[in-house]
Every structure is written in C-alpha cells, then in structure tokens.
Amino acid sequence: MEYILIFISAIFVNNIVLSQFLGICPFLGVSKKVDTAIGMSAAVAFVLTIATIVAFLIQKYVLDAFGLGYLQTITFILVIAGLVQMVEIILKKVSPALYQALGVFLPLITTNCCILGVAILVIQKDYNLLTGVVYAFSTAIGFGLALILFAGLREQMSLVKIPKGMEGTPIALVTAGLLAMAFMGFSGVV
C-alpha cells in the first residue's frame, strides 16, 4: 500500500514540475511537439531512475561509510553527468531522429534540477533502495505526464489565434500555470 501511495503522490499530488517547480527548463523548452516531449520523458525517466539507484548506493556505501556526506551534491552531479553521456551515446546510435529532435536539450538533462532534486530527496526522506526507486520512477512518470500534456496543449494553441502580446512564452507560462492549478485538484487524494 505504501508504494501505491508514493506512486500516486509523486505523479499527481506532488508533481515534480507543477507543484515542486523542479525541471522547468526542459518543461518549457521541449514542450512544443508531443513526439519530442515523449522522447525527452523517456530519457529523463531512464536517467532519473538509474541516477537515483547509483546515487543511493554511493551515498550509503561510500559517502556515509567514510564520513564524506559533504561531497553528496558534487558526487550526484558527476553521476548524473556520466549517465546523461551514456544516454546521449545510446540515442545517437539507436534513434538518430530523436537525438536530433532533442538537440541541445539532451545535454541539459545533466543540469536538470529534477534529477538532482529527486536523488537528494530520496536520501533526505530516508527511503530504502526499493522505495527510492519507486519514488524516482513515479516522479519520472509525473514529469513525463506533465510534459506530454503541456506539449499537447501547446500544439493545440498553435492552431488558434492568440493575441499578439500573448504569443510564445507568455501564453505558455499562463497555460503552465493553469495546468499546475488543475494538478492542485489532486491534493486531497493522498
């Protein structure tokens, strides 16, 4: 039951983008097309889950064991950077079209505060490895859901006439705010 609550909470109630405001850069930058948003969601889900596992193991068996907790942030950043490089190499070989579509945003996963934030939150919440993985994967699904919904809304907005002063970023921010308010409706669920 605990895992189900973590799953629902991470996706809907405490959505990493819409309620905790982590990962806004890719949320706004890669949300112009649904196809690109799906690819970015998959890449973030993979990196987020693997980074959480590796960061947890490094924290428990290296940093805590040798009293090096003060190196947590820099260690986690290095782990995330290495994993992103791995994803970039794999995507370049497996799906060149997705690699080109993601463009500059793929390296930005390295600096995506959502991934670093979740790795640190798993340690701060004192989750065990399995609970941390469930939380990380659920958070990735929540990130992907918000990103894909927002991309769909932005594709629909490109078909309608928007006042000149609201075109581009202003209407995107208003839409993101409305989407965040919609997700706030789930706050009584868990």
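The paragraphs below set out a description of the structure included in this document. Just so it is clear, the structure is predicted and the values come from calculations on it, not from any experiment.

Cut-offs applied
Residue numbering note: each chain is counted from 1, following its sequence as written. Per-residue local features of the predicted model are confined to residues with pLDDT of at least 70, and side-chain atom pairs are confined, for both listing and counting, to 80 or more; whole-chain, interface and lining totals are unaffected and use all residues. Where side-chain values are given, they derive from all heavy atoms of the structure, hydrogens and water being excluded. Pairing of aromatic rings covers Phe, Tyr and the six-membered ring of Trp, with a centre-to-centre limit of 6.5 Å; geometry is then stacked below 30 degrees between planes, edge-to-face above 60, and tilted otherwise. Numbering of helices and strands runs from the N terminus, with a helix taken as a DSSP run of H or I at least four residues long and a strand as a DSSP run of E at least two residues long. A 1.4 Å probe rolled over the protein chains alone gives each residue an accessible area, and that area as a share of the maximum for its type sets the label: buried under 20%, exposed over 50%, partly exposed in between. The disulfide criterion used throughout: a pair of cysteine sulfur atoms within 2.5 Å. To obtain an axis, a line is fitted to C-alpha atoms, over the contacting stretch when the element is a helix, and the angle between two such axes runs from 0 to 180 degrees between their N-to-C directions. Throughout this description, any angle smaller than 35 degrees is read as roughly parallel, any larger than 145 degrees as roughly antiparallel, any in the 65 to 115 degree range as roughly perpendicular, and the remainder as oblique. Crossing handedness: left-handed means the near helix sits turned counterclockwise from the far one by under a right angle, and right-handed means the same turn made clockwise. For this analysis, residues touch if any pair of their heavy atoms sits within 4.5 Å. Residue type decides the class: Asp, Glu, Lys and Arg count as charged, Ala, Val, Leu, Ile, Met, Phe, Trp, Tyr, Cys and Pro as nonpolar, and the leftover types, Gly among them, as polar. Here a salt bridge means any side-chain nitrogen of Lys or Arg lying within 4 Å of a carboxyl oxygen belonging to Asp or Glu.

Following the criterion strictly, the structure yields five aromatic pairs and no others. Relative to Phe-186, the ring of Phe-12 has its centre 4.9 Å away and its plane inclined at 45°; by these criteria the two rings are tilted. You can see Phe-12 sitting in helix H1 (residues 2–13) and its partner Phe-186 sitting in the segment after helix H9 (169–184), a full 174 residues away along the chain. For Phe-186, a relative accessible area of 33% translates into the label partly exposed. Taken together, the ring pairs in this structure connect Phe-12, Phe-183 and Phe-186 into an aromatic cluster.

Let us look at the state of the cysteines. Across all of its chains, the model carries zero disulfides by this definition. Cysteine Cys-25 is unpaired, with the sulfur of Cys-113 as its nearest cysteine sulfur at 8.6 Å. Between Cys-114, a free cysteine, and Cys-113, which holds the nearest cysteine sulfur, the sulfur-to-sulfur gap is 7.0 Å.

Bringing the environment of Val-54 into the picture now. If you trace the backbone, Val-54 turns up in helix H3 (residues 34–63). Assessed through its relative accessible area of 30%, Val-54 is described here as partly exposed.

As a further point, take unusual backbone geometry. Positive phi is not limited to glycine here, since Phe-21 has a value of about 55°. The phi torsion at Asp-126 lies on the positive side, around 55°, for a residue other than glycine. By secondary structure assignment, the location of Asp-126 is in the loop between helix H7 (113–124) and helix H8 (129–157).

Attention now moves to the packing of H8 against H9. Between H8 and H9, the shortest axis-to-axis distance is 11 Å and the interhelical angle comes to 135°. As judged from the angle between their axes, H8 and H9 are oblique. Considering only the axes of H8 and H9, their crossing is right-handed. Residue-level inspection shows Leu-145, Ala-146, Leu-149, Phe-150, Leu-153, Arg-154 and Met-157 of H8 in contact with H9, the latter providing Ile-171, Ala-172, Thr-175, Ala-176, Leu-179 and Phe-183. Tallied by class, the residues present in the contact of H8 with H9 amount to eleven nonpolar, one polar and one charged.

So, on to the packing of helix H4 (residues 72–94) against H7. Put simply, H4 and H7 touch, their axes get as near as 10 Å, and they point 130° apart. By the angle between their directions, the pair H4 and H7 is classed as oblique. Crossing handedness for the pair H4 and H7: right-handed. Contacts between H4 and H7 involve Gln-72, Thr-73, Phe-76, Ile-77 and Ile-80 on the former and, on the latter, Ile-115, Leu-116, Ala-119, Ile-120 and Ile-123.

Now for the pattern of salt bridges. Across all of its chains, the model carries one salt bridge by this definition. Of the charged contacts in the structure, one is a salt bridge between Lys-60 and Asp-126, with a shortest N-O distance of 3.9 Å. With Lys-60 in helix H3 and Asp-126 in the loop between H7 and H8, this residue pair connects regions lying 66 residues apart in the sequence.

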